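Report on the structure
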Amino acid sequence: MIRKLEGFMIDDVMKIWLDENITTHDFIDEEYWRSNYQYVKNDLSSAQVMVYEDEGIIKGFIGLMDEGYIAGLFVSRKYRNQGIGKCLLDRCKKEYNSLRLHVYEKNISAINFYKKSGFEIRSIEKSIDTGEIEYWMEWRL
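Report on the accompanying structure. None of the values given here were measured: they were computed from a predicted structure.

Turning our eyes to something else, we now look at the overall build of the protein. Helix and strand counts for the protein come out as four helices and seven strands. Starting at the N terminus, the α and β elements of the protein follow one another as β-α-α-β-β-β-α-β-α-β-β. The C-alpha atoms of the protein give 14 Å as radius of gyration, which agrees with the globular expectation for 141 residues (14 Å, within 12%). By principal-axis analysis of the C-alpha atoms, the protein measures approximately 40 × 40 × 30 Å. In the protein, buried positions account for 43% of the 141 residues. Excluding contacts between residues fewer than 6 apart, the proportion of contacts in the protein whose partners are at least 24 apart in sequence is 58%. Looking at the protein as shown, the accessible area adds up to about 8,200 Å², and 48% of this sits on carbon and sulfur atoms. Across the protein, the mean location of the 20 positive side-chain charges is 6 Å away from that of the 24 negative side-chain charges.

Within the largest apolar cluster, 23 residues are counted, with the highest numbers of intra-cluster contacts made by Ile62, Leu64, Ile70, Leu99, Tyr114 and Phe119. Among the secondary structure elements, those contributing two or more residues to this core are β2 (48-54), β3 (57-65), β4 (69-75), α3 (84-95), β5 (98-104), α4 (108-116) and β7 (133-140). Among the elements that make up this core, the one with the highest residue count is α3 (four residues). Filtering out sequence-adjacent residues up to four positions away, Tyr114 remains in contact with Leu73, Leu89, Leu101, Phe119 and Met137. Judged by nonpolar contacts, the second largest core, of 19 residues, contains Met9, Met14, Trp17 and Phe74.

Below, the discussion takes up the environment of Leu99. Along the polypeptide, Leu99 turns up in strand β5. Judged by relative accessible area, Leu99 falls into the buried class, the value being 0%. Taking C-alpha positions, Leu99 is 9.0 Å from Leu141, a pair spaced 42 residues apart along the chain. Ignoring any residue separated from it by four or fewer positions in sequence, one finds Leu99 in contact with Leu64, Gly68, Ile70, Leu89, Cys92, Lys93, Phe119, Met137, Glu138 and Trp139.

A few words now on the packing of aromatic side chains. Summed over all chains, the structure comprises eight aromatic pairs. A ring pair is formed by Trp17 and Tyr37, whose centres lie 6.4 Å apart and whose planes are at 65 degrees; its orientation type is edge-to-face. Of this pair, Trp17 sits in helix α1 (residues 10-24) while Tyr37 sits in helix α2 (residues 30-43), and the two are 20 residues apart along the sequence. In this structure Trp17 comes out as buried when scored by relative accessible area, which is 7%. According to the relative accessible area criterion, Tyr37 is partly exposed, its value standing at 23%. With 4.8 Å between their ring centres and 80 degrees between their planes, Tyr32 and Trp33 make a pair best called edge-to-face. Judged by its relative accessible area of 21%, Tyr32 falls in the partly exposed class. Here the aromatic cluster, defined as three or more aromatic residues joined through ring pairs, consists of Trp17, Tyr32, Trp33 and Tyr37.

Regular strands place side chains that alternate from one sheet face to the opposite one. Among the seven residues that make up β4, five are buried, leaving the element largely enclosed by the rest of the structure. Bridge count for β3 against β4 is six bridges, and the pairing is antiparallel. By the bridge assignment, Ile62 is partnered in β4 with Leu73. Taken together, β3 and the strand that follows it, β4, pair antiparallel across an intervening segment of three residues, in which Asp66 is found at a positive phi of about 50 degrees.

Definitions and cut-offs
Residues numbered from 1 in each chain as written. Predicted model: local features only at pLDDT ≥ 70, side-chain atom pairs only at ≥ 80, totals over all residues. Heavy atoms only, no water. Helix = DSSP H or I, 4+ residues; strand = E, 2+ residues; numbered from the N terminus. Rg over C-alpha atoms; globule rule 2.2 N^0.38 Å. Buried < 20%, exposed > 50% of the residue type's maximum accessible area, 1.4 Å probe, protein only. Contact = heavy atoms within 4.5 Å. Areas by Shrake-Rupley, 256 points an atom, 1.4 Å probe, with all protein chains shown as cover. Lys, Arg positive; Asp, Glu negative; His and termini not counted. Charge placed at Lys NZ, Arg CZ, Asp CG, Glu CD. Core = buried A, V, L, I, M, F, W, Y, C linked by side-chain atoms within 4.5 Å. Phe/Tyr/Trp six-rings, centres within 6.5 Å; stacked < 30°, edge-to-face > 60°. Pairing = 2+ DSSP bridges.

Here is the structure:
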């Protein structure tokens, strides 16, 4: 079931955010993610966040800001490859005519997922925060 984030879910969502960033982005120092934890947690209140919940367990979430900018799409590692990310993304495609995001060049599985979902690389940039190369990707209806 996909539904809007409620206050009592924040700790579960943030655990997924931290765990998945550390394991997926192993090319970035773990301290970067830990030092941004509180900032992201506070920022959730200004984002449109939808969670994928099944039998009381939050298995993934997507956060959008600024009219279709995907700030993050995360699925807990033990629930990957079950269509959860696709469900969350499809839900957003019903609400927006275009979606945009940044993804690290080294995150090959995410790039392939977004390409398979109809996103195209629009530009390549260097992240000011991490120094890593990012792709600016976009999907349009």
